[in-house]
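# Structural overview
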Amino acid sequence: MKKLILAVALVLALALPALAANPFVDVPLNHWAYDAVQSLAAKGIIVGYPDGTFGGNRALTRYEFAMAIARAVGYLEQKIDEAGYATQEDIATLEKLVQEFADELKQLGLTVDDLKKALGEQSAAIKALEDRVAALEKYAEPVKVTGEFDVTYTAYAPTASGKTDAKLSDETTLNIVATINDYTTAGVELKITDTLNTPSVSADNFFIDYKKDEWYIRVGDIDQPKVDLGLVLGEYQPDDDDDLSYEGIYVVYAPEDSDITWKMYADVNEFYSLRLEWEKVALGVTWMPEGASLYNANSDLIVSASGWTDFDESDVTLKLEGAYGVLSGSYGVAGEVNIKASEDITLTLDGHYITAGFTPAASAASPSAFNADELGFGVAATFDLSAEDSAEKWTLDLEYDYAQAISSGARTKNEVSGTVTYIPEDAAKDVPEITYEGTEEKGVVKVTYDLLTSGITLYGAYLNYPLDLDSEENAAYLSVGAEYNMATQGITAVGQFKYQWLDKGTTATLEARYDSVTPSGVPPYSVLAQLDWDMAENTTLTLSYELNTFDAGDDFGQGNIVDAAGTITAELTVSF
């Protein structure tokens, strides 16, 4: 029976089934193998028995199977004559079968040499054809669409100012990426909102990418790290720290026969920058129009240079950057030194001097990571306090930052801080069971002292402490965080409990917040109850109720209670 199935699979690989009448009385139209048997008979590869039956439950002899192979070879030769090709897979399969049944086929007058003579000359053409087909298939459907459908019901009980009416809102995000060829891709994000009420459509994150040989070109939304220390091109429209994000053009040209790399950055009406990089040195020229036209009254040409060295792979790294405004006469310099003092101690020293009117810092676009008219420096040290024989990780981070206005001498920053971070053994080893949504278990204590105001801020948190449930199907975590600000006498605190039904894809969250300083009439407490249910693949339902709105800060335990509304939310999200 296995040999019969193999024969069926062999011939199915040769061509699509042909349409013909049912030749065998013992193979009904609703039989699972009807199409295959009909196709084999239509091609003359099987002929059945004299009584008009197929004999599907009968064992196949080697001679009968050899006969089927011989007919298949004949069919393939005919297709080659008619169409000029057969697939490489067809040929390889037949060669193996002919080798296996060589003795039986020889009695039928068919040898391996006959097969090679008939098919072997086709190999190169077959390979070229299959390569071409693969390329066509790759670009047959070049557009890939991913995205998310989201619908949210919101109601308020009790209500608050601006939070009275229940509403049903929706948002659809479509991320469209087209692979044009081996070198070019393009994409855009479409956002459709409020189709249930007043529909609106917007587009964002448009891009065209081209990468071939020594060229890389991107046009559209560009998001990349700051250039050098960020003196000229640093935190521009940042989404994250040290993020250079703009809509424009980014070009890299790196010829193979040269050690020089050319780069261009351009955001229309904001900056046009050309940069030359050679080993550890870079030179740049940046034009800043400072207006809608290419040249305006406050336009400036910035000439910059930067370099870095590790002093022959030593434990010291030095980075320097300087820039001069040719038309404004302003300038800025910045430097940074990193020192690996020992296996457990790392030091960082940084400083900058930026004159008033330095265009990258003072202009409306302000792509510089620094402030104009400022002298500043900082010292940071990281100490690894972990014991040598322990997998637990303890670190101490100390920082001091100082800045003052050059023109007046007034201090603008004078702050010292210290942070102790603890990561337990399992979290340090990345044991997945003790994390929640990729967040590791850890403890943090931070003290900040502002010498300008004599203000002290204390912050502490312990995140994702796993509770021992003695169960592989469920998991639970506790997190707590609190901050005290001496200047405002404010205390905020957050406690969170999460319980997961792992086999059901469900998570329950209960969160309590406290804020000692709230607007008039707003209670100092807030509560959130939330249920997240993965209903199916890429389908999530979230139900929540929040009493007294809490505006969370950057770190867990930070934030403020802003009103006394009770918010009921039901959100269904489908991603693809």
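The structure contained in this document is the topic of the report that follows.

Rules of the game
Residues numbered from 1 in each chain as written. Predicted model: local features only at pLDDT ≥ 70, side-chain atom pairs only at ≥ 80, totals over all residues. Heavy atoms only, no water. Salt bridge = Lys/Arg side-chain N within 4 Å of Asp/Glu carboxyl O. Helix = DSSP H or I, 4+ residues; strand = E, 2+ residues; numbered from the N terminus. Buried < 20%, exposed > 50% of the residue type's maximum accessible area, 1.4 Å probe, protein only. Patch = residues over 30% accessible without salt bridge, like charges linked within 9 Å, V, L, I, M, F, W, Y side chains within 5 Å. Areas by Shrake-Rupley, 256 points an atom, 1.4 Å probe, with all protein chains shown as cover. Lys, Arg positive; Asp, Glu negative; His and termini not counted. Charge placed at Lys NZ, Arg CZ, Asp CG, Glu CD. Contact = heavy atoms within 4.5 Å. Pairing = 2+ DSSP bridges. Core = buried A, V, L, I, M, F, W, Y, C linked by side-chain atoms within 4.5 Å.

## Focus on the pattern of salt bridges
Where side chains of opposite charge bring their charged atoms close, a pairing between them can arise. Throughout the structure, instances matching the rule amount to 9 salt bridges. In this structure, Lys263 and Glu277 form a salt bridge, with 3.3 Å as the shortest nitrogen-oxygen distance. On the criterion of sequence distance, the pair formed by Lys263 in strand β7 (residues 260–267) and Glu277 in strand β8 (residues 271–278) is long-range, its members being 14 residues apart. Glu277 shares its class with Lys263; the two are buried.

## Some details on a negative patch on the surface
Side chains of Asp315, Glu343, Asp344, Glu388 and Asp389 sit close together on the surface and give a patch of like negative charge. Position of Asp315 relative to the elements: it lies in the loop between β10 (300–309) and β11 (316–325).

## Digging into the side chain of Ser363
Structurally, the position occupied by Ser363 is in the loop between α8 (359–362) and β14 (374–384). Residue Ser363 is classed as buried on the basis of its relative accessible area of 10%. Setting aside residues no more than four positions away along its own chain, Ser363 makes contact with Met288 and Glu290.

## Let's talk about the pairing of strand β4 (residues 200–212)
Strand direction decides the pairing type here: strand β3 (residues 184–193) and β4, joined by 9 bridges, are antiparallel. Bridge pairing in β4 places Glu189 opposite Asp204. Between β3 and the antiparallel strand that follows it, β4, lie 6 residues; Asp194 among them carries a positive phi value of about 55°. Examined bridge by bridge, β4 and strand β5 (residues 215–225) share 6 bridges and lie antiparallel to one another. Within β5, the position partnered with Lys212 by the bridge is Trp215. Joining the antiparallel neighbours β4 and β5 is a turn of 2 residues, in which Asp213 adopts a positive phi near 55°.

## So, the nonpolar core
Within the largest apolar cluster, 22 residues are counted, with the highest numbers of intra-cluster contacts made by Leu233, Tyr246, Tyr265 and Phe271. Element by element, the count of residues in this core is highest for strand β6 (residues 243–253), at 4 residues. Ignoring sequence-local partners within four residues, the contact set of Tyr246 consists of Gly220, Asp221, Ile222, Gln224, Tyr236, Gln237, Tyr265, Ala266, Asp267 and Phe271.

## Digging into the side chain of Thr542
You can see Thr542 is positioned in strand β23 (residues 539–547). Setting aside chain neighbours within four positions, we find Thr542 in contact with Gln530, Leu531, Asp532, Thr569, Ala570 and Glu571.

## Some remarks on the pairing of β14
Of the strand pairs in this sheet, strand β13 (residues 345–354) and β14 are connected by 10 bridges, and their pairing is antiparallel. Looking at the pairing, Leu347 lines up with Ala381 of β14.

## Quick word on unusual backbone geometry
The omega angle of the peptide bond from Ala157 to Pro158 is 0°, so this bond is cis rather than trans. Relative to the elements of secondary structure, Pro158 occurs in the loop between β1 (143–156) and β2 (167–179). A positive phi angle, close to 55°, is found at Asp213, a residue other than glycine. Within the secondary structure, Asp213 is located in the loop between β4 and β5. Positive phi, close to 65°, is recorded for Asn538, a residue that is not glycine. Of note, Asn538 is situated in the loop between β22 (525–536) and β23.

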